[in-house]
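Chain by chain, the residues:
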Amino acid sequence: MKKKTIHILSIESSCDDTGAAVLKNNRVLSNVIAGQKIHAEYGGVVPELASRAHQQNIVPVVDQALKKAGVDKNELDAIAFTQGPGLMGSLLVGTSFAKSLSLALDIPLIAVNHMQAHVLAHFIEEETQNEPPFPFLCLTISGGHTQILKVSAYDKFEILGETIDDAVGEAFDKTAKLLGLPYPGGPLIDKYAKKGNPKAYAFSEPKTPKQLDFSFSGFKTAILYFLQKEQKKDPDFIKNNLNDICASVQHSIVNILMNKMKKAVKLSGIKQVAIAGGVSANSEIRSTLKHMEKDLGWTTYIPKFEYTTDNAAMIGIVGYFKYLNQDFGKENILAASRLDIND
Ligand code: KG4
Ligand code: ZN
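Predicted, not measured: the structure shown is a model, and the values here were computed from it.

Points about the sheet that holds strand 8 (residues 156-162)
Read across the sheet, 5 strands follow the order 8-7-6-9-10 without closing on themselves; strand pairing throughout is mixed. Here the strands that pair on one side only, and so sit at the sheet edges, are strand 8 and strand 10 (299-301). Within this sheet the neighbouring strands show an average axis-to-axis angle of 25°, counted without direction. Taken together, the 6 bridges between strand 6 (residues 136-141) and strand 7 (residues 146-153) define a ladder with antiparallel strand orientation.

A few points about the sheet that holds strand 3 (residues 27-34)
Read from one edge of the open sheet, 5 strands run 3-2-1-4-5, paired in mixed fashion. One side of each edge strand has no neighbouring strand; the edge strands of this open sheet are strand 3 and strand 5 (109-113). In this sheet, adjacent strand axes meet at a mean angle of 20° when their direction is disregarded. Along the sheet, helix 2 (residues 88-105) makes contact with strand 1 (7-12), strand 4 (78-84) and strand 5, crossing strand 4 at roughly 160°. This element, helix 9 (residues 313-324), spans strand 1, strand 2 (18-24), strand 3, strand 4 and strand 5 of the sheet and lies at about 130° to strand 1.

Things to note about the coordination of the zinc ion (ligand 2)
Donor atoms from the polypeptide that coordinate the zinc ion (ligand 2) comprise His114 (NE2), His118 (NE2) and Asp310 (OD), at 2.0 to 2.1 Å from the metal. Summarised as a motif, the one-chain spacing of the donors to the zinc ion (ligand 2) is H-x3-H-x191-D. With a gap of 192 residues between them, histidine 118 in helix 3 (residues 114-120) and aspartate 310 in the loop between strand 10 and helix 9 connect regions that are remote in the sequence. For the pair shown, histidine 118 and aspartate 310 are each scored as buried.

Concerning the pairing of strand 1
Counted residue by residue, strand 1 has 6 buried out of 6 residues, so it is predominantly covered. As judged from the 6 bridges shared by strand 1 and strand 2, these two strands associate in the antiparallel manner. Paired with isoleucine 8 across the bridge in strand 2 is leucine 23. Here strand 1 folds back onto strand 2 in antiparallel fashion, the turn holding 5 residues. In this structure, strand 1 lies alongside strand 4, joined through 4 bridges in parallel fashion. What sits directly across from leucine 9, in strand 4, is isoleucine 79.

Overview of the domain arrangement of the protein
One frequent convention defines the size of an interface as the accessible area lost when the parts assemble. Splitting the protein by domain gives domain 1 (7-121 + 308-324) and domain 2 (130-302). Taken together, the contact pairs 16 residues of domain 1 with 18 residues of domain 2. Here domain 1 packs against domain 2, burying approximately 1300 Å² in sum over the two surfaces, 74% of which is carbon and sulfur. Interface area lost by domain 1 to domain 2 is led by Met115, Val119 and Thr308, which between them contribute 39%. Where domain 1 meets domain 2, there are 0 salt bridges. Here domain 1 is connected to domain 2 by 1 residue pair in polar contact (both at pLDDT 80 or more). If you tally residues by element for the side of domain 1 that touches domain 2, the top one is helix 3, at 5 residues. Tallied by class, the residues present in the side of domain 1 that touches domain 2 amount to 8 nonpolar, 7 polar and 1 charged.

Examining the packing of aromatic side chains
Tallying each qualifying case throughout the model produces 16 aromatic pairs. Pairwise contacts between aromatic rings join Tyr201, Phe203, Phe214, Phe216, Phe219, Phe226 and Phe237 into one cluster. In this structure, lysine 260 packs its charged tip against the face of phenylalanine 214, placed 5.9 Å from the ring centre.

Some points on the nonpolar core
By size, the foremost hydrophobic cluster in this structure holds 45 residues, and its most contacted members are Phe216, Ile253 and Leu257. For this core, the secondary-structure elements that each account for two or more residues are strand 6, helix 4 (168-178), helix 5 (186-193), helix 6 (217-233), helix 7 (237-268), strand 9 (272-276) and helix 8 (283-296). Tallying contributions element by element places helix 7 first for this core, with 15 residues. Ile8, Met115, Val119 and Phe123 belong to the second largest nonpolar core, which has 34 residues in total.

Reading guide: rules and limits
In every chain, residue numbers begin from 1 and rise along the written sequence. The naming scheme follows written order: chains are lettered A onward, ligands numbered 1 onward. Under the rules for a predicted model, residues below a pLDDT of 70 receive no local features and side-chain atom pairs below 80 are neither given nor counted, while totals for whole chains, interfaces and linings still include all residues. Working from all heavy atoms in the structure, the side-chain values ignore hydrogens and water. Strands were regarded as paired on the criterion that DSSP finds at least two bridges between them. What counts as a helix is a DSSP run of H or I of at least four residues, what counts as a strand is a run of E of at least two, and both are numbered from the N terminus. Note on geometry: axes are C-alpha line fits, over the in-contact stretch for helices, and angles between N-to-C directions span 0 to 180 degrees. Contact between two residues is taken to exist if any of their heavy atoms lie within 4.5 Å; hydrogens are not considered. Only nitrogen, oxygen and sulfur atoms qualify as donors, and only when within 2.8 Å of the metal (3.2 Å in the case of Na, K and Ca); with water excluded, sites may look incomplete. Residue burial is assigned from relative accessible area. The probe radius is 1.4 Å, only protein chains are included, and a residue is buried under 20% of its type maximum, exposed over 50%, and partly exposed in between. For each domain, the first and last residues come from an automatic or database assignment. Put simply, buried area is the surface a 1.4 Å probe can reach on two separate parts but cannot reach once they are joined, added for both. Between Lys or Arg on one side and Asp or Glu on the other, a salt bridge is scored when a side-chain nitrogen of the former is within 4 Å of a carboxyl oxygen of the latter. Side-chain atoms alone can form a polar contact between residues adjacent in sequence; in general such a contact is a pair of N or O atoms within 3.5 Å, and within protein one must be able to donate a hydrogen while the other accepts it. When residues are sorted by character, Ala, Val, Leu, Ile, Met, Phe, Trp, Tyr, Cys and Pro go into the nonpolar class, Asp, Glu, Lys and Arg into the charged class, and all the rest, Gly among them, into the polar class. For Phe, Tyr and Trp, rings pair up if their centres lie within 6.5 Å, where Trp contributes its six-membered ring, and each pair is then called stacked (planes under 30 degrees apart), edge-to-face (over 60) or tilted (otherwise). Any Lys NZ or Arg CZ that is within 6 Å of a ring centre and within 35 degrees of that ring's normal is treated as a charge sitting over the ring. As used in this record, nonpolar core signifies buried Ala, Val, Leu, Ile, Met, Phe, Trp, Tyr and Cys residues forming a set joined through side-chain atoms within 4.5 Å.

Rendered as structure tokens:
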């Protein structure tokens, strides 16, 4: 029997990007994203402004996703949306929109966990990409999360380690702020680091009670003190050494992440290693992980660039798996600012 073709419209609105995508089974037909420049001048996401911008963006973004995909809304089989975790005001915009459209079109509604979606973006069908085999380890690194997961099935995640304070994306963004760079600072640190010396300055790895956990709040404070000390000697220290500072900070963060992953591989005996989340866009993380294949015999899985930072295609792939399991949300389903990885 021929498998039915399923079209899913997916919506992402957990933070400051409004996204809509259309998937035909596990293939992406369109993946539209509207970022919000407004937060750059505030040095971080302002929740109130984010929800207003989602409100403005959501209709045109969905419209564009359908047009680009060449799919009429009447051909859709389900609507998937980000239920959480994220900013409540932002989540409510996507949730309400998805509910209304599913009611209007009389098709199922599928609630998606944003963190699962980052990981399962690896299962979007691509010409050149391998899917990780179960079980695999996934280092999920974003603006809100830092986790080492053991992934045993599409819906089975075990947290082996996680941050006890700041997420790694925050370490990038807060360092960038100290350097006078706009939000989000991660991509800018990556850019300046390319021209700098990664060994110019050394920042030590913070200690954590559990060996696979992370801590980044002390790391950020160490950078603050370092900058204050150097600026006493040279008030233009940042301007004169921006590339070296960025390269050294980034190199220290990548070392911290890789040291933990080496321990996780040793403890779990699993050598299939994936990365996911916005920070997995970082060029040094991507190249260092690739080196682990040769150096340590790992098999690594690096997501396509456009599926690293927040996007709706990753919500759509989880929607597809849930559709196959007939795992549908009810009309009274709520957005949730906090969700565990297995929720
Ligand atoms: O996954 P994401 O888009 O949103 C969350 O779910 O948090 O991740 C956003 C984070 C931000 O902290 C941003 O600075 C960081 O990802 N990021 C990067 C890079 N691109 C995005 N960090 C380092 N290097 C990059 N190239
Ligand atoms: Zn995210």
